[in-house]
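A closer look at the structure
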Amino acid sequence: MSPCLRCGKGHELVKSIKTAKGLLLRPASATDATFAGRLLKDPAVRQFLGGPLPDESLSVASRNAVLPDEGERIWIVESTGFSPLGLISLTRHKNGEDIELSYQFAPDHWGKGFAFDAGRTALAYGFQQLALPRIIAETQAANRRSIRLLTRLGLRPYAEVMRFGAAQVLFQIRPDAIA
Ligand SMILES: CC(C)(COP(=O)(O)OP(=O)(O)OC[C@H]1O[C@@H](n2cnc3c(N)ncnc32)[C@H](O)[C@@H]1OP(=O)(O)O)[C@@H](O)C(=O)NCCC(=O)NCCS
């Protein structure tokens, strides 16, 4: 076990996973903060996530974006011959109870089914390896691409909340409903 960069404790070693379509979900590490920073500054990626991050908060946010807490997973999605395509994670939701699926892909890699392939792999991992009873996701009601992705992955809406000044839809999936 190597010491966690955030809390100093030893965490289990997490292996990379191959997806059905041959992508790689590689556990993120501190060296991926530069890639996370690019996503956090990208106006298209951040359209429904509060806009691009200002320079002064970028270095802390980029580092946090790639360092999971205990029981969480953050992966860099890679494809042979490409720089990283995106970032996908299973992390603790703001409600303090559930694990949430989140994803951000570089716009060059939208519209190719990569997020679906990575999302399906992350959900299967969450149910099979982490034995989660359910996985949730929260997305702005206006984020049509994200809602299409969640629906295709088999998640279903169960609540709506106002957060960060916008309507957000909460989605959920249980192990027997995986796409
Ligand atoms: C949300 C996000 C990940 C969706 O990405 P995406 O590429 O649209 O999602 P998918 O991987 O499901 O791809 C679906 C598209 O690929 C197309 N596609 C092409 N080849 C495909 C294949 N082999 N399999 C599946 N879909 C394929 C589909 O037709 C679909 O296109 P459409 O949207 O024009 O109908 C992406 O828009 C993103 O990173 N957004 C910014 C971050 C964000 O808002 N995150 C949400 C936080 S809650």
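This text follows the structure it describes.
Presented here is an overview of the structure given in this document.

1. Considerations on the site of the ligand
Every one of the 21 residues lining the ligand counts as a neighbour, but F105, W110, G113, A115 and F116 are closest to it. At the level of secondary structure, the elements contributing two or more residues to the shell around the ligand comprise β5 (99-105), α3 (114-128) and α4 (144-153). Looking at which element gives the most residues to the shell around the ligand, the answer is α4, with five residues.

2. Things to note about the environment of L40
By secondary structure assignment, the location of L40 is in helix α1 (residues 33-41). Through-space distance from the C-alpha of L40 to that of P107 is 12 Å; in sequence the pair is 67 residues apart. Filtering out sequence-adjacent residues up to four positions away, L40 remains in contact with R46, L53, L58, A61, S62 and A65.

3. What to know about the sheet that holds strand β6 (residues 135-140)
If you trace the eight strands from one edge of the open sheet to the other, you get β1-β2-β3-β4-β5-β6-β8-β7, paired in mixed fashion. Each of the sheet's edge strands pairs with one partner strand only, and the pair in question is β1 (17-18) and β7 (156-163). Note: strand β4 (residues 86-92) against β5, seven bridges, orientation antiparallel. Its bridge partner being in β5, R92 is matched across the sheet by I99. Sheet contacts for α4: β6 and β8 (166-173); angle to β6, the most-contacted strand, approximately 160°.

Thresholds, definitions, all that
Residues numbered from 1 in each chain as written. Predicted model: local features only at pLDDT ≥ 70, side-chain atom pairs only at ≥ 80, totals over all residues. Near = placed C-beta within 6 Å. Helix = DSSP H or I, 4+ residues; strand = E, 2+ residues; numbered from the N terminus. Contact = placed C-beta atoms within 7 Å. Pairing = 2+ DSSP bridges. Axes fitted to C-alpha atoms, helices over the stretch in contact; angles between N-to-C directions.

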